[in-house]
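What follows is each chain in one-letter form.
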Amino acid sequence: MTPPSAKLKARRKSRPAFAPLSPYEAELAEFFIRMAAILGVPRSVAEIYSLLYASSDAVDFDQIQGRLGMSKGSVSQGLKFLRDHGMILSVKAPGSRRERWQPTPSLAASLVTLLRSQVLPALEQSSPSLDRILQGAQGSQASPEVIERLTRLRRWNARALELFPLLLPPPRES
């Protein structure tokens, strides 16, 4: 009987080796990670997107996993997020069943879609909460300074909700 460690070594040998990220690819990944953090997007999603963005050809699942050193679950979830937000396209090579991924042609359109799906709902969900917070502060007789701060915060959120749709192009009709 073959010991489990020998089976594991045999499996590892059969996996192809992938080149590590080049310095410019690593720096691009850091850029996308910083931008994604602003929107509350997971780091793994930004890493996957940066790899696809820097690749001249569509990239398959195993290449993403191997080059980034991610778990299958992280790659799967990241690809699902990017696909659901219209940021990547699935490409099939002729004669191959393997799915490959590439970024959508327009980064601007992808970012607009992401902003609409991440920022706008957060602003909308904040309105009732900010109303309750202000009412609670007023009911508990918080200081006038705190009431003023909370009033400004609620006003800021309302203005952001009014302006946000004006700053972005209208959604594309499907």
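Definitions and cut-offs
Residues numbered from 1 in each chain as written. Predicted model: local features only at pLDDT ≥ 70, side-chain atom pairs only at ≥ 80, totals over all residues. Heavy atoms only, no water. Pairing = 2+ DSSP bridges. Helix = DSSP H or I, 4+ residues; strand = E, 2+ residues; numbered from the N terminus. 1 Å grid on protein atoms, 1.4 Å probe; cavity = no way out; pocket = protein on both sides within 12 Å on 5 of 7 lines; lining within 4 Å. Points joined across faces, edges and corners; volume = space filled by probe spheres on them. Nonpolar A, V, L, I, M, F, W, Y, C, P; charged D, E, K, R; others polar. Patch = residues over 30% accessible without salt bridge, like charges linked within 9 Å, V, L, I, M, F, W, Y side chains within 5 Å. Areas by Shrake-Rupley, 256 points an atom, 1.4 Å probe, with all protein chains shown as cover. Salt bridge = Lys/Arg side-chain N within 4 Å of Asp/Glu carboxyl O. Buried < 20%, exposed > 50% of the residue type's maximum accessible area, 1.4 Å probe, protein only.

1. Thoughts on the pairing of strand β3 (residues 99-103)
Link 1 in the chain: Bridge analysis of strand β1 (residues 59-60) against β3 gives two bridges, and the strand direction is antiparallel. Across the sheet, the residue bridging to D60 is R100, located in β3.
Link 2 in the chain: Examined bridge by bridge, strand β2 (residues 88-92) and β3 share five bridges and lie antiparallel to one another. Of the residues in β3, the one forming a bridge with S90 is W101.
Link 3 in the chain: The turn joining β2 and β3, which pair antiparallel and follow one another in sequence, is formed by six residues; a positive phi near 80° is taken by G95.

2. Side note on empty space enclosed by the protein
Link 1 in the chain: Using the criterion set out here, one finds one cavity of 30 Å³ or more in the structure.
Link 2 in the chain: The volume enclosed by the largest cavity comes to roughly 30 Å³.
Link 3 in the chain: Lining the largest cavity, in full, are L21, E25, L28, A29, S50, L51 and A54.
Link 4 in the chain: Those elements that place two or more of their residues in the lining of the largest cavity are α2 (23-39) and α3 (43-54).
Link 5 in the chain: Grouping the amino acids of the lining of the largest cavity by side-chain chemistry returns five nonpolar, one polar and one charged.

3. Describing the sheet that holds β1
Link 1 in the chain: Reading across the sheet, the three strands line up as β1-β3-β2 and stay open at both edges, with antiparallel pairing between neighbours. Either end of the sheet is taken by a strand with one partner, and the two such strands are β1 and β2.

4. Section: a nonpolar patch on the surface
Link 1 in the chain: Residues F31, M35 and I38 make up a contiguous nonpolar surface patch of about 300 Å² in total accessible area.
Link 2 in the chain: In this fold, I38 is placed in helix α2.
Link 3 in the chain: Accessibility expressed as a relative area gives 65% for I38, which makes it exposed.

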